[in-house]
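Coordinates in review
In case you want the letters, here they are:
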Amino acid sequence: MAANINPTVRRRRLGAELRRLRLASGLKSTEVAERLMISQPKISHMENGNRAISPRDVRDLCRIYGVTDPQVIDSLMQMARESGQPGWWHAYGDIPQSVYIALETDATSLHTYESMAIPALLQTPAYADAVIGETIPPLTTEEAGTRLKVRLRRQHRIYDPARPLRLWIVLDESALRRVVGSPDVMREQLEHLKALAAEPHITVQVLPYTAGAHPGLAGLFSILRFADSSAAPVVYLERFTSDLCLEKPSDVRHYSVLHDHLQAQALSPGSSRDFITDVAKTYIDATTTPEHGEGQ
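This text gives an overview of the structure that appears in the document. Values in this document were obtained by computation on a predicted structure and should not be read as measured data.

Remarks on the packing of helix 4 (residues 55-65) against helix 5 (residues 70-83)
- Running from N to C, helix 4 and helix 5 cross one another at 150 degrees; their axes reach a closest spacing of 8 Å. Compared by their axis directions, helix 4 and helix 5 come out roughly antiparallel. The handedness of the crossing between helix 4 and helix 5 comes out as right-handed. Taken together, the residues of helix 5 that come into contact with helix 4 (itself represented by Pro55, Val58, Arg59 and Cys62) are Ile73, Leu76, Met77, Ala80 and Arg81.
- Taken together, the residues of the contact of helix 4 with helix 5 sort by class into 7 nonpolar, no polar and 2 charged.

Below, the structure is given as structure tokens:
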């Protein structure tokens, strides 16, 4: 399997194509399920990309939908074979956010708003290690090490010379001010953030406290878009016990407008880099200021 093939996204694309063929045939999902002698929910899960689709399923569905072009059938069956292959993250076992990682791996652009921490793709190893160390329930040393490896492996997408992920991040000032790890860790993290923000495919805008109330107060979110037009954009909402992936066009439009408003209220990219530099200096001062009374 090619390294850039993403099983989850490939299943979504295949499911969307099978749904299009079903609608073109004039059949309801219940009718298809009856002909295949399977449950209607299984048809829905296949069309939504929530479960793997075997080449045999594709062949049977094409027969029911009246698809006779061998090239179309072969293409769909190849997609089914590829969708069953594991992604790189499966080598690390059962890890959180595996669905999101699958989407992120295949995305061409990511627009996100983060209020509490530096986004995972832009974290230094020390900062990431400190964040992972505060996971609840506490992790074993081995579990924490695995999660750190996965997080750093995800960052390969922004360094891929062939297809770097286009990032547009609106970052609340509190993410810069919250001391994660130590002042030294924060200084290194903000210097790293500033360097990445200068890359042509990465835009970072800081939303300062002075902006007051803003639409992002409801929480963080990400919008992922893909090169393939058949793969609909996805809004990802990270939650403590479960995450949400929204694909309805109205939801995507809502969060896209929300991100536009946050961009408008945030500092410009250039001013944001200057702001990050100023905050980084406060951590330098914190590590060099003598103890009270020292030298007296």
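Next comes the rest of the account.
Regarding the nonpolar core
- Among the nonpolar cores identified, the biggest contains 37 residues, and Leu122, Leu167, Leu176, Leu190 and Leu193 are the most heavily contacted of them.
- For this core, the elements supplying multiple residues, two or more each, are helix 6 (98-106), strand 2 (166-172), helix 10 (173-177), helix 11 (183-197), strand 3 (202-207), strand 5 (234-237) and helix 13 (269-288).
- Broken down by element, the residue count for this core peaks at 6 residues, all from helix 11.
- For Leu193, the contacting residues outside a window of four places in its chain are Ile118, Leu122, Leu171, Leu176, Val204 and Ile276.
- Counting residues in hydrophobic clusters, the runner-up holds 21 residues, among them Leu27, Ile43, Tyr65 and Val67.

Some thoughts on helix 2 (residues 29-36)
- Residues Ser29, Val32, Ala33 and Leu36 constitute the buried set of helix 2. Seen along its axis, helix 2 keeps its buried residues to an arc of 100 degrees; they face one direction. Exposed and facing more than 90 degrees away from the buried side of helix 2 are Glu34 and Arg35.
- At the exit of helix 2 stands Met37, carrying a positive phi of roughly 60 degrees.

Criteria and thresholds
Residues numbered from 1 in each chain as written. Predicted model: local features only at pLDDT ≥ 70, side-chain atom pairs only at ≥ 80, totals over all residues. Heavy atoms only, no water. Axes fitted to C-alpha atoms, helices over the stretch in contact; angles between N-to-C directions. Helix = DSSP H or I, 4+ residues; strand = E, 2+ residues; numbered from the N terminus. Parallel < 35°, antiparallel > 145°, perpendicular 65-115°, else oblique. Left-handed = near helix turned anticlockwise from the far one by under 90°. Contact = heavy atoms within 4.5 Å. Nonpolar A, V, L, I, M, F, W, Y, C, P; charged D, E, K, R; others polar. Core = buried A, V, L, I, M, F, W, Y, C linked by side-chain atoms within 4.5 Å. Buried < 20%, exposed > 50% of the residue type's maximum accessible area, 1.4 Å probe, protein only. Arc of directions from axis to C-beta.

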